[in-house]
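Chain residues, written in single-letter form:
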Amino acid sequence: MRRAGVDIGGTKCLGVVIDGTGSVIEETRLPTPYGPDALLAVLEQLAGDLQPYDSFGVGAAGLVDRNGVWRAAPNVGGVAEFPIATELASRLGHPVGVDNDAACATLAEWQVGVAMGATDVVMVTLGTGIGGGFVVDDQLVRGANGFAGEPGHMVVDPNGPPCVCGRRGCWERFASGSGLTRLAREAATGGRLVRVVALAGDAEAVRGEHVEWAAREGDRGALAVVDEWAWWVALGLVNLTNLLDPDVLVMGGGLAGAADLVLAPVRHHFARLLYAPTQRPHPRIEMAALGERSAAIGAALLG
Ligand SMILES: [Zn+2]
């Protein structure tokens, strides 16, 4: 069994073929072009490169409805209201499964990754924003329209900083990778991050990796920012646990490489914020296992 999947991201399209166990046996990538026609041509080329395969699926960043229409693509230029599933199927001459990239990543971590064997899974990808996906009672949750799994826009502070969605204090303003940068710049401007600012050059240039480097050196200011960020991450994870009662919470995205720094404080704050912590089993909190290929692997599992 060879299943092919492509993850369409803002800068690149990553194609993989997986075997029956979910292991990647082929991999290829091309830059993401502008507009639907050029994108179809790139997908057709990737499909050719990945042949032979028994099924084909696509993961796409943004809102993908249940009919495989890509309604909105904030990170992919020139794409909106694009019936990608039917147009690609007619080009390739076979059916194509299409879903949101974070839903694909969730499917992959659940079926062949760190959450294998669980019946209820929450996955959050902490990047520029926060994407997510949920497995409830052994089913990937899609929602009435296919738009379920946007935990980044839970409001956790109505008086908080403005969000791209037009409201204030969404979870992703605090707990994403860019949320870490924002918390760090606030601390840097307040004079609390001398070492981090030295690494970055100046307070405005501070990014997450400067906090990570300084925290690895044991810098107390940097560790305090990581701890503050971990509290916000844990707050959202507890909200999601109250809604969904998962076995496993999976954290993916750019911070997966900093597992040694972030897992312990997130687990610590989670246990303190959890509702009725002594009356229930605590869900496991894990880092994603499949890295940047998770959405492409999940796309392959769709097909
Ligand atoms: Zn928002």
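Higher on the page you've got the structure.
Residues numbered from 1 in each chain as written. Predicted model: local features only at pLDDT ≥ 70, side-chain atom pairs only at ≥ 80, totals over all residues. Heavy atoms only, no water.

### Considering the sheet that holds strand S1 (residues 3-8)
Going by this rule: Pairing between two strands requires that DSSP report at least two bridges joining them. Under the scheme used here, helices are H or I runs from DSSP no shorter than 4 residues and strands are E runs no shorter than 2 residues, and both carry numbers assigned from the N terminus. Angles run from 0 to 180 degrees between N-to-C directions of axes, and those axes are lines fitted to C-alpha atoms, restricted for helices to the stretch in contact. Any pair of residues with heavy atoms lying within 4.5 Å of one another is described as a contacting pair.
Read across the sheet, 5 strands follow the order S3-S2-S1-S4-S8 without closing on themselves; strand pairing throughout is mixed. Of all strands in the sheet, those with a lone pairing partner are strand S3 (24-31) and strand S8 (97-100), marking the two edges. Pairwise comparison of adjacent strand axes, ignoring direction, gives a mean angle of 20° for this sheet. Here S1 runs beside strand S2 (residues 12-18); their pairing, made up of 6 bridges, is antiparallel. Each residue of the ladder has a partner; that of Ala-4, found in S2, is Val-17. The strands that helix H1 (residues 36-50) touches are S1, S2, S3 and strand S4 (55-60); relative to S3, the one it contacts most, it runs at about 155°.

### Quick notes on the coordination of the zinc ion
The condition that has to hold: Donor criterion used throughout: N, O or S atom within 2.8 Å of the metal, extended to 3.2 Å for Na, K and Ca. Water excluded; incomplete-looking sites may result. Here a site with four donors is tetrahedral if all angles are between 85 and 135 degrees, and a site with four or six donors is square planar or octahedral if opposite donors are over 155 degrees apart and the other angles are between 65 and 115; anything else gets the irregular label.
Bound to the zinc ion on the protein side are His-153 (ND1), Cys-163 (SG), Cys-165 (SG) and Cys-170 (SG), at distances that span 2.0 to 2.3 Å. One can describe the donor arrangement at the zinc ion as tetrahedral, given that its 4 donor atoms subtend angles of 104 to 119° at the metal. Along the chain, the residues donating to the zinc ion fall in the pattern H-x9-C-x1-C-x4-C. Separated by 17 residues along the polypeptide, His-153 in the loop between strand S11 (139-140) and helix H4 (172-175) and Cys-170 in the loop between S11 and H4 bring together distant segments of the chain.

### Considering the side chain of Asp-219
Rules: Any residue under 20% of the maximum accessible area for its type is buried, any over 50% is exposed, and the rest in between are partly exposed; the area is computed with a 1.4 Å probe on protein chains only. Under the counting rule used here, the positive set is Lys and Arg, the negative set is Asp and Glu, and His together with the chain ends is not counted. Each salt bridge in this description consists of a side-chain nitrogen of Lys or Arg and a carboxyl oxygen of Asp or Glu lying within 4 Å of one another. N or O atoms within 3.5 Å of each other form a polar contact, as long as, within protein, one can give a hydrogen and the other can take it, and as long as residues adjacent in sequence are counted only when both atoms are side-chain atoms.
Secondary-structure assignment places Asp-219 in the loop between helix H7 (208-216) and helix H8 (220-244). Buried within the structure, Asp-219 lacks any salt-bridge partner; Arg-195 is the closest side chain of opposite charge, at an N-O distance of 6.1 Å. Of note is the side chain of Asp-219, whose polar atom sits 3.3 Å from the backbone nitrogen of Gly-221. Every residue in contact with Asp-219, bar those within four places of it in the chain, is listed here: Arg-195, Val-196 and Ala-214.

### Section: the sheet that holds S11
The sheet built from 5 strands is open, its strands ordered S11-S10-S9-S12-S13 with mixed pairing. A single partner strand is all that each edge strand has here, and the edge strands are S11 and strand S13 (284-287). As paired elements, strand S12 (residues 248-253) and S13 share 4 bridges and run parallel to each other. In the strand pairing of S13, Met-251 is matched with Met-287. Sheet strands in contact with H8 are strand S9 (121-126), strand S10 (130-136) and S12, and its direction is about 150° off that of S9. Against the sheet, helix H9 (residues 259-273) contacts S12 and S13, and its axis sits at roughly 160° relative to S13.

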